[in-house]
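# A closer look at the structure
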Number of protein chains: 2
Amino acid sequence: MSNRLPTLAVVGATGAVGTVMLDILSTRENVWGEIRLVASPRSAGKRLTVRGEEVEVQALAPEVFDGVDVAMFDVPDEVSKEWAPIAAERGAVAVDNSGAFRMDPDVPLVVPEVNAEKVADRPRGIIANPNCTTLSMIVAIGALHRAYRATDLVVASYQAASGAGQEGIDTLRDQVAAAAADRTLGERAGDVRSAVGELGPFPAPLAMNVVPWAGSLKEDGYSSEELKVRNESRKILDHPDLKVAATCVRVPVVTTHALSVHATFDQEVDAAKARELLASAPGVVVQDDPAAGEFPTPADVVGTDPTWVGRIRRSIDDPRSLDLFLCGDNLRKGAALNTAQIAEVVAKEFTEG
Amino acid sequence: MSNRLPTLAVVGATGAVGTVMLDILSTRENVWGEIRLVASPRSAGKRLTVRGEEVEVQALAPEVFDGVDVAMFDVPDEVSKEWAPIAAERGAVAVDNSGAFRMDPDVPLVVPEVNAEKVADRPRGIIANPNCTTLSMIVAIGALHRAYRATDLVVASYQAASGAGQEGIDTLRDQVAAAAADRTLGERAGDVRSAVGELGPFPAPLAMNVVPWAGSLKEDGYSSEELKVRNESRKILDHPDLKVAATCVRVPVVTTHALSVHATFDQEVDAAKARELLASAPGVVVQDDPAAGEFPTPADVVGTDPTWVGRIRRSIDDPRSLDLFLCGDNLRKGAALNTAQIAEVVAKEFTEG
């Protein structure tokens, strides 16, 4: 391999995750030569700043991938399904953040802190980035699983509005403004619903409420988000027998997903040892001193890279179980950052090969 | 026993729960003769409306219990600890909503839909009302436990600000107003914290955030709220071997606690059967049709009496487990309503005895 810096294409550069991606590419160690920004035709011609330079956005077309070594996709599933294979055909390694390829047995699902070695095994030229909810917990769970083999995870999520994109953020902000105008709301059934206006991408009001739904309806009453947490966790941990029960709930937070996890292992666990394992794991920060008011919350975690873990307790009634509360920025580690990390692992093939 | 209507005292009539109690006493079937309203000396002389009549609030003193048959207490633990025995000594049955007596083996902990028969066994003349978080789920869990014996509960809560009293409600409203004024908040670590002002009774900002803490610090990193969910569930279900793991989290909702529960039983379960059991249980409403956007949310449940249950699923990886999402108004069933229901069971001793 040559020692040249590889060329990167960012597809979906103008979206909520794309915006965070440009920020991340501007602040991480620069491993890239040219960076091309790509979006839908209606955003073409826009000029965005990355690494301190203005770059003109190009319309998505097969030719934009010519000469590209790595193409990151943050676009809807159906766009990825069509275009990631086109990028791969033109010689780029596609790193895809949609749900289109995650469960494809010929596509690795990668979290660099957990299974970086899987990057090399990509027969379709595509590598998938996990769902944001799975990503917000799996680095920490992976670190525990290496020491104590996990058998069961029970997950309840507290998911941010930005998981539903810029429309989710805008809807929450509009609803909060409407709700703030009336200091009597929230004490009578339906008054929040009639006050907050448009529901946007959510099936119920999100301001001053929580909504036990994320994604689309799948078999047996499960939401797509709940199945992703189960299926992707099993694939990333390479543990097809892991039992996972998830209930996904949207909360009125702009960005950063939180999760309450009850994790059971095949042996007795110790809270102090778990704290040490997590504190020494890459990409994980332990914030766990409730006497001092120290535990992670989305408002303090947003904009940061690691998975934050607190409320680490051994279950009172089961010495093989830990109860944890985790927070991860769903746009950074949950999307753009992990995609960038995967792309950087691939970039090494060009510069170190 | 005579056929006269019993005399009721409401101690703590001016608080957040007391206010809801007066509303409940005004709308339920009237089983009471005189109703006395009692509060701290600084509220004495205030006139409040109950059953359409103005009643003057009396200052808490031993004499206010003379001639009282049932005395409901919604006051802080230390006030209950001192005054409930005084009321009992003067001949009243004390129904206490504080944490002071719940785990006392000589005090029954009662949820009428689950264990009404325990009301009769009250050697101290005191009956305890459970914690609001336990109450928001236990009617539904009790109904399932009668059919399928429960072995394990994993609970994650989404608790309302009013669980921290009127100060909690006021703090949340102030914080939401401050947060609504700035449409950029929630995208950078700490910006919500610096914008929302006073934290009030919460250890972190509650607006545009979730806070994994409720109550005081107990052994091994547990919060008092988490231990209450465990210990009270075991006592109410008369099931000292029930394994319970709870993580309690405050969310920016005014009133109505929600809970995600993963419940495991000693036999295989069926989601359709569970839905039927719940639908026919007193005090429970099933709202479970995600295809139609039907699931309970706090904004729709607040102000109502039942426990609402939705997202009823058999766990994919364990045929003995159900995953559920429940909502209950923490000031009504979670406090005032259950207290009123207990008091009504006692009242029958006077009118039907």
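The name recorded for chain A in an unreviewed UniProt entry is Aspartate-semialdehyde dehydrogenase, from Nocardiopsis suaedae. In its Sequence similarities (unreviewed entry) section, UniProt records this for chain A: "Belongs to the aspartate-semialdehyde dehydrogenase family."

## With respect to the nonpolar core
Among the nonpolar cores identified, the biggest contains 58 residues, and B:Phe65, B:Phe73, B:Met137, B:Leu153 and B:Val261 are the most heavily contacted of them. Ranked by the residues each element gives to this core, the list is headed by helix α4 (residues 132–147) of chain B, at eight residues. If sequence neighbours within four positions are ignored, B:Met137 has contacts with B:Leu153, B:Val155, B:Val229, B:Ser233, B:Leu259, B:Val261 and B:Leu326. Judged by nonpolar contacts, the second largest core, of 57 residues, contains A:Val11, A:Leu60, A:Leu322 and A:Leu326.

## Let's talk about the UniProt feature "domain: Semialdehyde dehydrogenase NAD-binding" (unreviewed entry) in chain A
Per the UniProt record, "domain: Semialdehyde dehydrogenase NAD-binding" (unreviewed entry) is found at residues 7–122 of chain A. The span residues 7–122 of chain A is 25% helix and 23% strand, and its two end C-alpha atoms sit 19 Å from each other.

## A word on the pattern of salt bridges
Charged atoms that come close allow side chains of opposite charge to pair. Residue and element names in this part refer to chain A. Taken as a whole, this structure holds 48 salt bridges over all chains when the rule is applied. Here Asp 69 makes a salt bridge to Arg 4, at a shortest N to O gap of 2.7 Å. Placement of the pair is Asp 69 in the loop between β5 (58–59) and β6 (70–73) and Arg 4 in the segment before β1 (8–11), with a sequence separation of 65 residues. A relative accessible area of 7% means that Asp 69 is categorised as buried. We note a salt bridge from Glu 344 to Arg 28, for which the minimum N-O separation is 2.8 Å. Residue Glu 344 is found in helix α10 (residues 332–351), and its partner Arg 28 is found in the loop between α1 (16–27) and β2 (35–39); the two are separated by 316 residues along the sequence. You can call Arg 28 partly exposed: its relative accessible area is 28%. Several salt bridges converge on common partners, so that one network encompasses Asp 23, Asp 305 and Arg 332.

## Observations regarding the relation of the copies chain A and chain B
With an RMSD of 0.0 Å, chain A superimposes on chain B once it is rotated by 180° and translated 0.0 Å along the axis. Seen this way, the second copy is the image of the first under a two-fold rotation axis. Take the interface residues of chain A: 100% of them recur as interface residues in chain B, which is what a same-surface contact looks like.

What counts, and where the lines are drawn
Residues numbered from 1 in each chain as written. Chains lettered and ligands numbered in written order. Predicted model: local features only at pLDDT ≥ 70, side-chain atom pairs only at ≥ 80, totals over all residues. Heavy atoms only, no water. UniProt positions renumbered as here; feature names shortened; annotations may be inferred. Core = buried A, V, L, I, M, F, W, Y, C linked by side-chain atoms within 4.5 Å. Buried < 20%, exposed > 50% of the residue type's maximum accessible area, 1.4 Å probe, protein only. Helix = DSSP H or I, 4+ residues; strand = E, 2+ residues; numbered from the N terminus. Contact = heavy atoms within 4.5 Å. Salt bridge = Lys/Arg side-chain N within 4 Å of Asp/Glu carboxyl O. Least-squares fit on C-alpha atoms with pLDDT ≥ 70 in both.

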